[in-house]
Amino acid sequence: MQDYLLILLGTVFVNNIVMAKMLGLCPFMGVSRKLETSLGMGAATTFVLTLASGLSYLINTYLLGTELAYLRTLSFIVVIAGIVGFTEMFIRKTSPVLFRVLGIYLPLITTNCAVLGIPLLNVQAQHNFVESLFFGMGGALGFTLVLVLFAAIRERLEAADVPLPFRGTSIALVTAGLMSLAFMGFAGLIK
Amino acid sequence: MLAAILVMSGIALVLGGILGWAAIRFRVEEDPLVEKIDAILPQTQCGQCGYPGCKPYAEAIAKGEADINRCPPGGEDGVKRLAELLGVEPKPLDEGLTHKPKSVAVIDENLCIGCTLCIQACPVDAIVGAAKQMHTVIPELCTGCELCVAPCPVDCIHMEVIKEDVSSWKWRYPIISLKRAA
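What you are looking at is a predicted structure, and each value in this text was computed from that prediction instead of being measured. (Residues numbered from 1 in each chain as written. Chains lettered and ligands numbered in written order. Predicted model: local features only at pLDDT ≥ 70, side-chain atom pairs only at ≥ 80, totals over all residues.)

A closer look at the overall build of chain A
Next up, step 1: Counting its secondary structure elements, chain A contains nine helices and zero strands.
Next up, step 2: For chain A, the N- to C-terminal ordering of α and β elements is α-α-α-α-α-α-α-α-α.
Next up, step 3: Residue burial in chain A is summarised as follows: out of 191 residues, 40% are buried.
Next up, step 4: Long-range contacts, defined as pairs at least 24 residues apart, comprise 79% of the intrachain contacts of chain A with a sequence gap of at least 6. (Helix = DSSP H or I, 4+ residues; strand = E, 2+ residues; numbered from the N terminus. Buried ≥ 20, exposed ≤ 12 C-beta atoms within 10 Å, placed from the backbone. Contact = placed C-beta atoms within 7 Å.)

So, the overall build of chain B
Next up, step 1: When helices and strands are counted, chain B shows five helices and four strands.
Next up, step 2: Secondary structure elements in chain B, listed N-terminal to C-terminal, are α-α-α-α-β-α-β-β-β.

A closer look at the interface of chain B and chain A
Next up, step 1: Listed by partner, the interface residues are 16 residues for chain B and 19 residues for chain A.
Next up, step 2: Classifying every residue of the side of chain B that touches chain A gives 16 nonpolar, no polar and no charged. (Nonpolar A, V, L, I, M, F, W, Y, C, P; charged D, E, K, R; others polar.)

Describing the packing of helix α1 (residues 2-14) of chain A against helix α8 (residues 129-159) of chain A
Residues and elements named next belong to chain A.
Next up, step 1: Relative orientation of the contacting elements α1 and α8 amounts to 30°, with a least axis distance of 7 Å. Here α1 lies roughly parallel to α8, going by the angle between them. Judged by the sense of rotation from one axis to the other, the crossing of α1 with α8 is right-handed. Residues Y4, I7, L8, T11 and V12 of α1 lie in contact with α8, whose contacting residues are V130, E131, F134, F135, G138, G139, L141, G142 and L145. (Axes fitted to C-alpha atoms, helices over the stretch in contact; angles between N-to-C directions. Parallel < 35°, antiparallel > 145°, perpendicular 65-115°, else oblique. Left-handed = near helix turned anticlockwise from the far one by under 90°.)

Thoughts on the environment of L19 of chain B
Next up, step 1: Along the chain, L19 of chain B turns up in helix α1 (residues 2-25).
Next up, step 2: Apart from the residues lying within four places of it in its own chain, the contact partners of L19 of chain B are G82, G85 and F86 of chain A.

What about the confidence of the model for chain B?
All names here are of chain B.
Next up, step 1: Averaged over every residue, the pLDDT of chain B is 82; the share at 70 or more is 90%.
Next up, step 2: Of all helices and strands in chain B, the one with the weakest mean pLDDT is helix α4 (residues 75-86) (84), whereas strand β3 (residues 136-137) scores best (92).
Next up, step 3: Overall fold confidence (pTM) sits at 0.61, and the ipTM for the predicted complex is 0.71. (pLDDT = per-residue confidence, 0-100.)

A word on α1 of chain A
Each α-helix winds once per 3.6 residues, and so residues spaced three or four apart point in a common direction.
Next up, step 1: For α1 of chain A, the full list of buried residues reads I7, G10, T11, V12 and V14 of chain A.
Next up, step 2: In this fold, the buried residues of α1 of chain A make contact with α8 of chain A.

As for the environment of I153 of chain A
Next up, step 1: Inspection of the secondary structure puts I153 of chain A in helix α8.
Next up, step 2: When the C-alpha positions of I153 of chain A and R33 of chain A are compared, they lie 9.1 Å apart, and in sequence the two are 120 residues distant.

What about the packing of helix α4 (residues 72-94) of chain A against α1 of chain B?
The packing of two helices is summarised by the inter-axis angle and the distance between the axes.
Next up, step 1: Two numbers describe how α4 of chain A lies on α1 of chain B: the axes approach to 10 Å, and their chain directions differ by 5°. Here α1 of chain B runs roughly parallel to α4 of chain A, going by the angle between their axes. Counting all contacts with α4 of chain A, which are made through L74, S75, V78, V79, G82, G85, F86, M89 and F90 of chain A, the residues of α1 of chain B involved are M8, I11, A12, L15, I18, L19, A22 and A23 of chain B.
Next up, step 2: Of the residues contributing to the contact of α4 of chain A with α1 of chain B, the split by class is 14 nonpolar, three polar and no charged.

Remarks on unusual backbone geometry
Next up, step 1: One non-glycine residue, Q126 of chain A, adopts positive backbone phi at about 50°.
Next up, step 2: By the secondary structure assignment, Q126 of chain A is in the loop between α7 (113-124) and α8.
Next up, step 3: In this structure Q126 of chain A comes out as exposed when scored by C-beta crowding, with 8 C-beta atoms within 10 Å.
Next up, step 4: Non-glycine residue K132 of chain B carries a positive phi angle of around 65°.
Next up, step 5: By the secondary structure assignment, K132 of chain B is in the loop between β2 (127-128) and β3.

Concerning the environment of V137 of chain B
All names here are of chain B.
Next up, step 1: Considering the arrangement of structural elements, one finds V137 in strand β3.
Next up, step 2: Taking the C-beta count within 10 Å as the criterion, V137 has 21 such neighbours and is therefore assigned buried.
Next up, step 3: C-alpha of V137 to C-alpha of I107: the two residues are 30 residues apart in sequence and 6.6 Å apart in space.
Next up, step 4: Residues in contact with V137, not counting those within four places in the same chain, are V104, A105, V106, I107, A126, I127 and C142.

Quick look at α4 of chain A
Next up, step 1: Along its 23 residues, α4 of chain A runs 32 Å from first to last C-alpha, staying within 8% of the 33 Å computed at 1.5 Å per residue.
Next up, step 2: Listing the buried residues of α4 of chain A in full gives S75, F76, V79, I80, G82, I83, V84, E88, M89, I91 and R92 of chain A. (Expected span 1.5 Å × (residues − 1).)

So, the nonpolar core
In globular proteins that are soluble, nonpolar side chains generally tend to be buried together.
Next up, step 1: By size, the foremost hydrophobic cluster in this structure holds 42 residues, and its most contacted members are V48, A52, I80 and V115 of chain A.
Next up, step 2: For this core, the elements supplying multiple residues, two or more each, are α1, α3 (35-64), α4, α6 (106-109), α7, α8 and α9 (169-184) of chain A.
Next up, step 3: When residues of this core are assigned to their parent elements, the largest contribution, eleven residues, is made by α8 of chain A.
Next up, step 4: If near-sequence neighbours (up to four positions away) are discounted, I80 of chain A is found in contact with A52, T110, V115 and L116 of chain A.
Next up, step 5: Judged by nonpolar contacts, the second largest core, of 14 residues, contains Y51, I61, I68 and V79 of chain B. (Core = buried A, V, L, I, M, F, W, Y, C linked by C-beta atoms within 7 Å.)

This is the structure in structure tokens:
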């Protein structure tokens, strides 16, 4: 149990998918303008990523094995796209409210490189099924945390008196860099 | 090689089957009107109507939140077909949406009676002249706001389009603000 907790904490804080691994930067910059949208994106990503890491573990272990390892990226992409499509239809039917919140973010997840990155990292780290699930969920929770924090900062930035050449994306990238530095403080939290 | 093809097509088949099943199983009964309106819209997803895409705009029309004349790519023809479908009067495209070429006011000096009404209307003082004297527009100062066209009692002011050349060409503003995100 402690191992799983360590994986969860490790992926959320120490090896944060955005701040330390530099994955998923596109939605990180794209949907962090407002707090509500970033929460929606984070929730949708968490759902898909947990499912995707579990399913890609199964595919990698039982279908691909070692001799078909070169199909990993290809098959993971197909599976992720399938999961996203299924999730979209499922949520649409079961919870129209949730669909209205997540609706436009769900298709965006297909192209989120963090969602492909985490299953591949899972393979690299030779995680077992449950570890993969925790790694996926932790990564997504870390993504959500950083996205929400960043959105909160950006909402403040809107009102800040930023020098003209730095306005918009430039100051956002500078802020992201500083955030990444701050997250380095977590290194060493878990050995 | 064969195993790879089998595995990939197997995954694709299973996923395709699940998605196809889900599409039927989780079908959502939508307002059929939305589908019909959506079919008429040009599907350019340009966002010029103020909605994120054609489907949200179609939904807004069906709900009665949006007017039918907010789709420049669909043109007059599209508006006419929407009006037929919804049983309302067709109306011209929303003027604020169609991009007007930059133009300046020109006074037909033979017709001008020197009433000074246009001088009073001009916000940038681009019209010179005095009472009972012929007026004229200084093209360099004219912003093309058309405020002087209406007050003229003899209709001697018309707008002339400026041809684009090296000195008058500008980058277009690329940003189209979306009214609502979800």
